[in-house]
Amino acid sequence: MHPAPSVILFTVLSGLGFGLLAFLGFGVPDVSGWVAFVFFFVAYALAVGGLMASAFHLGNPKNAIKSFSQWRSSWLSREAWLAVLGLCVMGVYAALLIFVGLRLPWIGAAGALLCVGAVFSTSMIYTQLTTVPRWHHWSTPVLFLLLSLGGGALLAGQSTLAGVLLALVGGVQAWVWWDGDQRFKRAGSTIGTATGLGDRGAVRLFEPPHTGTNYLLTEMVYVVGRKHAQKLRIIALICMSILPAVILLLLPVGHFMALLVVLMHLGGVFAARWLFFAEAEHVVGLYYDKR
């Protein structure tokens, strides 16, 4: 799939923002007043900034409002509702905590669960696609949630918990890459099944369907070089998981070191999320002999 920058920004930033909001909703860290304001500002900047970035992937951003209309059948619509409800509920919780000094745990917990639900719904947009075997697996929502909660714990200053979660992220991500490389083959889709001619013998492409490009080739038949992907995987794993986990679990973490770990983790997540889209093999590529 084409790794669109707007969708990468959306999934990375909103995941971090909603992860931090979830921790704040459960009272972690235990802050109030202007300190709480700073934490909530960072969380909302990430979550809302990510949601705004997603609108730029639409052909007509004004149509974003229509995403709320299909909540019965669409994970995209459910994501929109959960995100807005989560932001609204957490807004009430934050306002009472910052300006009144009143903490209502049940409101915070409800907002936190809505934020986690929004991240889960985002992951299900991709998990439901049977046409992309690399995504159509239970590990996709697990990885999205682990990254969100691990990043949220990191931003919330929970060094030990963040270190454990990020170490777990590294293990899950490494397995997802290894297993994901085999899923397209295991799915059994070939150019023979794609054309319906497989029962007549071996099928091969005689010539391209057309001489120019089209929407399908641009958006769904992106091909990344294997050597390039392997290098990015190593960089992503080291920056996203290994180094942050080692630093958080084994070294004293001050403000400067914490900022360094956050930036390192963020860079690694961007690299991993780029690969998440770039390596996703859509079955439509079989018609163009790209798989």
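Let me sum up the structure you'll find in this document. None of the values given here were measured: they were computed from a predicted structure.

This part takes up the overall build of the chain. A count of helical and extended segments in the chain gives 10 helices and 0 strands. Radius of gyration (C-alpha) of the chain: 21 Å, near the 19 Å computed for a compact globule of 291 residues. Dimensions along the principal axes, computed over C-alpha positions, put the chain at roughly 75 × 45 × 30 Å. Relative to its 291 residues, the chain shows a buried fraction of 45%. A total accessible area of about 14800 Å² is found for the chain, and carbon and sulfur atoms account for 71% of it. Treating the 18 positive side-chain charges of the chain as one cloud and the 10 negative ones as another, the clouds have centres 2 Å apart.

What follows deals with empty space enclosed by the protein. Taken as a whole, this structure holds 2 cavities of 30 Å³ or more when the rule is applied. Quantified by volume, the largest cavity comes out at close to 170 Å³. Where the lining of the largest cavity is concerned, the elements lending two or more residues are helix H5 (139-155), helix H6 (159-187) and helix H10 (255-278). With 5 residues, H5 is the largest single contributor of residues to the lining of the largest cavity.

Next up on the list: the environment of Leu76. Here Leu76 shows up in helix H3 (residues 75-100). The contact partners of Leu76, leaving out residues within four places of it in the chain, are Ser67 and Ile125.

The next point concerns the packing of helix H9 (residues 226-250) against H10. Between H9 and H10, the least distance of the axes is 8 Å, while the angle of their chain directions is 150°. Judged on the interaxial angle alone, H10 and H9 are roughly antiparallel. When you trace H9 past H10, the crossing you get is left-handed. Seen from H9, the contacting residues are His228, Ala229, Leu232, Arg233, Ala236, Cys239, Met240, Leu243, Pro244, Ile247 and Leu248; seen from H10, they are Met257, Val261, Met264, His265, Gly268, Val269, Ala271, Ala272, Trp274 and Leu275. Class assignment for the residues of the contact of H9 with H10 results in 17 nonpolar, 3 polar and 1 charged.

Our next topic: the pattern of salt bridges. All chains considered together, the criterion is met by 7 salt bridges. In this structure, the salt-bridge partner of Glu281 is Arg134, at a minimum N-O distance of 3.0 Å. Taken together, the residues span a long stretch of sequence, with Glu281 in the segment after H10 and Arg134 in the loop between helix H4 (105-127) and H5 at a distance of 147 residues. Comparing Glu281 with Arg134, the two get one shared label, buried. Between Arg233 and Glu279 there is a salt bridge, with its nearest N and O atoms 3.0 Å apart. Of this pair, Arg233 sits in helix H9 while Glu279 sits in the segment after H10, placing them 46 residues apart in sequence. This pair shows no difference in class: Arg233 is buried, exactly as Glu279 is. When salt bridges with common partners are traced through the structure, they connect Arg134, Asp181, Arg233, Glu279 and Glu281 into a single cluster.

Counting across every chain of the model gives 16 aromatic pairs. A ring pair is formed by Tyr126 and Phe276, whose centres lie 5.6 Å apart and whose planes are at 85°; its orientation type is edge-to-face. Of this pair, Tyr126 sits in helix H4 while Phe276 sits in helix H10, and the two are 150 residues apart along the sequence. Using a relative accessible area of 9% as the deciding quantity, one classes Tyr126 as buried. Taken together, Tyr126, Trp135, Phe144, Phe276 and Phe277 form an aromatic cluster joined through their ring pairs. In this structure, Arg78 packs its charged tip against the face of Trp75, placed 4.6 Å from the ring centre. When the ring centre of Phe276 is taken as origin, the NZ or CZ atom of Arg273, which lies over that ring, is 5.9 Å away.

About the thresholds
Residues numbered from 1 in each chain as written. Predicted model: local features only at pLDDT ≥ 70, side-chain atom pairs only at ≥ 80, totals over all residues. Heavy atoms only, no water. Helix = DSSP H or I, 4+ residues; strand = E, 2+ residues; numbered from the N terminus. Rg over C-alpha atoms; globule rule 2.2 N^0.38 Å. Buried < 20%, exposed > 50% of the residue type's maximum accessible area, 1.4 Å probe, protein only. Areas by Shrake-Rupley, 256 points an atom, 1.4 Å probe, with all protein chains shown as cover. Lys, Arg positive; Asp, Glu negative; His and termini not counted. Charge placed at Lys NZ, Arg CZ, Asp CG, Glu CD. 1 Å grid on protein atoms, 1.4 Å probe; cavity = no way out; pocket = protein on both sides within 12 Å on 5 of 7 lines; lining within 4 Å. Points joined across faces, edges and corners; volume = space filled by probe spheres on them. Contact = heavy atoms within 4.5 Å. Axes fitted to C-alpha atoms, helices over the stretch in contact; angles between N-to-C directions. Parallel < 35°, antiparallel > 145°, perpendicular 65-115°, else oblique. Left-handed = near helix turned anticlockwise from the far one by under 90°. Nonpolar A, V, L, I, M, F, W, Y, C, P; charged D, E, K, R; others polar. Salt bridge = Lys/Arg side-chain N within 4 Å of Asp/Glu carboxyl O. Phe/Tyr/Trp six-rings, centres within 6.5 Å; stacked < 30°, edge-to-face > 60°. Lys NZ or Arg CZ within 6 Å of the ring centre and 35° of its normal.

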